[in-house]
2 protein chains.
Amino acid sequence: MIDNGFRATTVEAVLAASGTSKGAFFHHFASKRDLADALVTQYVADDLAMLEAGMTAAFEAGADPTSRAIAFLRYYEDLADEIMAGTTGCLYTSVLAEMELVDAATSDPITKAVVVWRERYAELLAAALGDRTDVDVDALSDHVFVTFEGAYLLARSTGDPGEMRRQLAVLRRLVEAVLR
Amino acid sequence: MIDNGFRATTVEAVLAASGTSKGAFFHHFASKRDLADALVTQYVADDLAMLEAGMTAAFEAGADPTSRAIAFLRYYEDLADEIMAGTTGCLYTSVLAEMELVDAATSDPITKAVVVWRERYAELLAAALGDRTDVDVDALSDHVFVTFEGAYLLARSTGDPGEMRRQLAVLRRLVEAVLR
DNA sequence: CTCGTTACAGACCGTTTGGTCTGGTACGAG
DNA sequence: CTCGTACCAGACCAAACGGTCTGTAACGAG
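What you are looking at is a predicted structure, and each value in this text was computed from that prediction instead of being measured. (Residues numbered from 1 in each chain as written. Chains lettered and ligands numbered in written order. Predicted model: local features only at pLDDT ≥ 70, side-chain atom pairs only at ≥ 80, totals over all residues. Heavy atoms only, no water.)

Asker: Sorry, what's going on with the protein's contact with DNA strand C here?
Answerer: Neighbouring DNA strand C are T10, V11, K22, F26, S31 and K32 of chain A together with S21, K22, G23, A24, H27 and H28 of chain B. A breakdown of the atoms of DNA strand C within 4 Å of the protein gives sugar and phosphate a share of 59%. Contact distances for DNA strand C include 2.7 Å between a phosphate oxygen and a side-chain N or O atom of S21 of chain B. Side-chain polar atom of H28 of chain B to a phosphate oxygen of DNA strand C: 2.4 Å apart, as the coordinates give it. Of all the secondary structure elements, the ones that give two or more residues to the surface near DNA strand C are α2 (22-28) of chain A together with α2 (22-28) of chain B. If one sorts the elements of the surface near DNA strand C by residue count, α2 of chain B sits on top with five residues. (Near = heavy atom within 4 Å. Polar contact = N/O pair within 3.5 Å; in protein donor to acceptor, adjacent residues only side chain to side chain. Helix = DSSP H or I, 4+ residues; strand = E, 2+ residues; numbered from the N terminus.)

What follows is the structure, given as structure tokens:
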């Protein structure tokens, strides 16, 4: 955990934390932004892999569509705890806020990563819901994404790490009530 | 519309857009952050005033608790359009993302403003819901806040201004389904 | 009229920071 | 052994930017 925020995290700080030199860093990365791209790309891949594993488990357990959708939502609640606990790196969280808002010159890799991310989410949720066609899957999966980002910000603002899970739980309960 | 993001918005840009000089600026504001504090404070006040007016209107129209809660949610949908249309200034939107995430050294005025903001939201939503005690008001009002911030980020990421309203509508429909 | 104060204009400065450049070392190929 | 190449260390640089400082004009009070 170096410091928070892309801009607030100086290259020098990364060097100090990783114990490398400037020469080494810029030998492997063309720019600071290049590192961010690599981190985000890897984070997206890891996140999707974990989510997919979770969903596969739900399918194999023979859960019904509604339960599978709930499992989908629960995944984020658990992820929230992990993120707020700091196990996951600081550059990982709230990618949207970081990249889309902070830095005006958004790089293609990250924008594309977000697109892929959302598409896969929608696919997984659609698969989970199966024959339940009474739900706008795309809108709902995006909403999870939105809540995730917003909840992170609120948790940071209040200083209460539990706030993130709580907010995601609110969403889950709403969806639960609607689906049942 | 100068530029996006607190850090990305240079003082020079503000001067150019407002047609003033550096001397004038720093005569009125102690620092760049001071301007942000003032803007946020004013934005919160304006926002709350508008929301209160809307809720008062709903009460005077004799709407039932559920309808009043829906009116509460609809307020944000309309606000979303206004914000994405650019009528409202760029520094106004996504205060949380701006201040809590971007700049590590958060100033007291803004943190406090966010607290007041959320408290008042909760009060207004509680009043709207009236005798309906089957809802966790605090959690729900915070959830609106969360969705608002997250939806803004998504809209910025996708480049589609309509995305913000769409996401807020998803939340409203969920709440609608639960309340009815 | 004058003098103090407020309001402003804009040149200038110090720091921060991403990125470069020079020099050096390990090492595999021939 | 030698030479080319990948890898790395860290001094150095140039641009950006928030903030200061000097100078000046309006202007109300006495």
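Asker: Hey, could you run me through the protein's contact with DNA strand D in this one?
Answerer: In the vicinity of DNA strand D lie 13 residues, with S21 and H28 of chain A together with V11, K22 and K32 of chain B positioned nearest. Taking the atoms of DNA strand D that fall within 4 Å of the protein, sugar and phosphate contribute 55% of them. At the level of elements, α2 of chain A together with α2 of chain B are the ones that each hand at least two residues to the surface near DNA strand D. A per-element tally of the surface near DNA strand D places α2 of chain A first, with five residues. Considering only residue class, the surface near DNA strand D consists of three nonpolar, seven polar and three charged. (Nonpolar A, V, L, I, M, F, W, Y, C, P; charged D, E, K, R; others polar.)

Asker: Teacher, can you tell me more about helix α8 (residues 162-179) of chain A here?
Answerer: Every α-helix carries 3.6 residues per turn, so stepping three or four residues along brings you back to the same face. For α8 of chain A, with 18 residues, the first-to-last C-alpha span of 26 Å sits near the 26 Å given by 1.5 Å per residue. What α8 of chain A keeps buried is the set E163, M164, Q167, L168, A169, V170, L171, R172, L174, V175, E176 and L179 of chain A. (Expected span 1.5 Å × (residues − 1). Buried < 20%, exposed > 50% of the residue type's maximum accessible area, 1.4 Å probe, protein only.)

Asker: It is not clear to me how helix α1 (residues 11-18) of chain B should be interpreted in this structure. Could you clarify?
Answerer: Residues and elements named next belong to chain B. Among the residues making up α1, those that are buried are V11, V14 and L15. Each buried residue of α1 lies within a common arc of 100° when the element is viewed along its axis, so the set occupies one face. Exposed residues lying more than 90 degrees from the buried face of α1 are A16 and A17. Buried residues along α1 sit against α2 and α3 (32-60). Positioned one or two residues after α1, G19 has a phi angle of 70°, which is positive. (Arc of directions from axis to C-beta. Contact = heavy atoms within 4.5 Å.)

Asker: Where do I start with the nonpolar core in this structure?
Answerer: In summary, soluble globular proteins display a tendency toward joint burial of nonpolar side chains. Within the largest apolar cluster, 87 residues are counted, with the highest numbers of intra-cluster contacts made by F72, Y76 and M164 of chain A together with F72, Y76 and M164 of chain B. Residues within four places of M164 of chain A in sequence aside, it is in contact with A80, M84, F148, A151, Y152 and A155 of chain A. (Core = buried A, V, L, I, M, F, W, Y, C linked by side-chain atoms within 4.5 Å.)

Asker: Can you help me understand the packing of aromatic side chains in this one?
Answerer: Any two aromatic rings considered together are summarised by their centre-to-centre distance and by the angle between their planes. All names here are of chain A. With the rule as written, the count across this model stands at 22 aromatic pairs over all chains. Considering the side-chain rings of Y76 and F148, the 5.8 Å spacing of their centres and the 70° angle between planes classify their relative orientation as edge-to-face. Taken together, the positions of Y76 in helix α4 (residues 65-85) and F148 in helix α7 (residues 137-158) put the pair 72 residues apart, joining distant regions of the chain. Among the residues examined, Y76 registers a relative accessible area of 1% and is labelled buried. (Phe/Tyr/Trp six-rings, centres within 6.5 Å; stacked < 30°, edge-to-face > 60°.)

Asker: What am I meant to see in the pattern of salt bridges here?
Answerer: Close approach of charged atoms allows side chains of opposite charge to pair. Following the criterion strictly, the structure yields 26 salt bridges over all chains and no others. For R120 of chain A, the salt bridge is made with E123 of chain A, and the minimal N-O distance between the two is 2.5 Å. Here E123 of chain A and R120 of chain A lie together in helix α6 (residues 108-129), a separation of three residues that amounts to about one turn. For R120 of chain A, a relative accessible area of 27% puts it in the partly exposed group. Of the charged contacts, one joins K22 of chain B and E12 of chain B as a salt bridge, the two residues approaching to 2.9 Å between their closest N and O atoms. In this pair, K22 of chain B sits in helix α2 while E12 of chain B sits in helix α1, placing the two residues ten residues apart along the sequence. If you follow the salt bridges from partner to partner, you end up with E77, D78, D81, R165, R172, E176 and R180 of chain A in one network. (Salt bridge = Lys/Arg side-chain N within 4 Å of Asp/Glu carboxyl O.)

Asker: I tried to follow the packing of helix α3 (residues 32-60) of chain A against α6 of chain A on my own but got confused; where do I start?
Answerer: How two helices sit against one another is set out by the angle between their axes and by the gap between those axes. All names here are of chain A. One can describe the packing of α3 onto α6 by two numbers: an axis separation of 10 Å at closest approach and a directional angle of 5°. Looking at the two axes, α3 sits roughly parallel to α6. Here R33, A36, D37, V40, Y43, V44, D47, L48, L51, E52, M55 and F59 of α3 come into contact with α6, specifically with P109, I110, A113, W117, R120, Y121, L124, A127 and A128. Of the residues that constitute the contact of α3 with α6, the class distribution is 16 nonpolar, no polar and five charged. (Axes fitted to C-alpha atoms, helices over the stretch in contact; angles between N-to-C directions. Parallel < 35°, antiparallel > 145°, perpendicular 65-115°, else oblique.)

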